Amino acid sequence: MNLLAPGDLFSDRVNELDLRVGKALRFGKTRLNVALDLLNALNFSTILVPNQSFIPGGAWLAPTGTQTPIMTARTAKFTVQYDF
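Because the structure is predicted, anything quoted here is derived from the model rather than measured.

K.L.:
Explain the sheet that holds strand S5 (residues 75-83) residue by residue, including any values.
P.N.:
Backbone-to-backbone hydrogen bonds pair the strands of a sheet. The strands run either parallel or antiparallel. With antiparallel pairing, three strands are arranged side by side in an open sheet as S1-S2-S5. Both edges of this open sheet fall to strand S1 (19-27) and S5, since each of them pairs with a single strand only. Sheet twist, expressed as the average angle between the axes of neighbouring strands with direction ignored, equals 10 degrees.

The following block contains the structure:
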């Protein structure tokens, strides 16, 4: 059963690149995992705010007149895990 009819409109695709660098350190029977995550590293893709209101014959899901760009934030996360 199709939920969407063929030819429906969709927003633009968003491409993101996530990077992770990690190191596992062992001290006898204990283990320490250290990692650095960089989410949306390139911050390439800008998406335009689509018009969410449906008006018959209108521009549904078309970019609004102001075409305000929304970019996903570039985020860094530092993780430490200690196993004993």
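K.L.:
Can you break down a nonpolar patch on the surface residue by residue, with the values?
P.N.:
Residues Val21, Leu36, Phe78 and Val80 make up a contiguous nonpolar surface patch of about 420 Å² in total accessible area. Tracing the backbone shows Phe78 in strand S5.

K.L.:
Residue-level account of the pairing of S1, with values.
P.N.:
Of all nine residues in S1, zero are buried, a share of ten percent or less. By the bridge criterion, nine bridges tie S1 to strand S2 (residues 30-39) in an arrangement that is antiparallel. Within S2, the residue paired with Lys23 across the bridge is Val34. Linking S1 back to S2 in an antiparallel pair, the connection comprises two residues, with Gly28 at a positive phi of about 65 degrees.

K.L.:
Report on the side chain of Thr30, specifying residues and quantitative values.
P.N.:
For Thr30, the location among the structural elements is in strand S2. From its side chain, Thr30 meets the backbone oxygen of Phe27 in a polar contact 2.7 Å long. Residues in contact with Thr30, not counting those within four places in the same chain, are Leu25, Tyr82, Asp83 and Phe84.

K.L.:
Requested: an account of unusual backbone geometry, with residues and values cited.
P.N.:
For Asn40, which is not glycine, the phi torsion reads 55 degrees and is therefore positive. Here Asn40 lies in the loop between S2 and strand S3 (47-48).

K.L.:
Could you give an account of the confidence of the model for the protein, naming the residues involved and the relevant values?
P.N.:
For the protein, per-residue confidence averages 76 on the pLDDT scale, and residues scoring 70 or more make up 54% of the total. Model confidence for the protein, summarised as mean pLDDT per element, is weakest for S3 at 56 and strongest for S1 at 95.

K.L.:
Can you tell me about the side chain of Asp37, naming the residues and giving the values?
P.N.:
Within the fold, Asp37 resides in strand S2. A polar contact of 3.0 Å, which involves the side chain of Asp37, links it to the side chain of Arg20. Residues contacting Asp37, with those up to four places away along its chain left out, are Leu19, Arg20, Thr75, Ala76, Lys77 and Thr79.

Scoring rules and cut-offs
Residues numbered from 1 in each chain as written. Predicted model: local features only at pLDDT ≥ 70, side-chain atom pairs only at ≥ 80, totals over all residues. Heavy atoms only, no water. Pairing = 2+ DSSP bridges. Helix = DSSP H or I, 4+ residues; strand = E, 2+ residues; numbered from the N terminus. Axes fitted to C-alpha atoms, helices over the stretch in contact; angles between N-to-C directions. Patch = residues over 30% accessible without salt bridge, like charges linked within 9 Å, V, L, I, M, F, W, Y side chains within 5 Å. Areas by Shrake-Rupley, 256 points an atom, 1.4 Å probe, with all protein chains shown as cover. Salt bridge = Lys/Arg side-chain N within 4 Å of Asp/Glu carboxyl O. Buried < 20%, exposed > 50% of the residue type's maximum accessible area, 1.4 Å probe, protein only. Polar contact = N/O pair within 3.5 Å; in protein donor to acceptor, adjacent residues only side chain to side chain. Contact = heavy atoms within 4.5 Å. pLDDT = per-residue confidence, 0-100.

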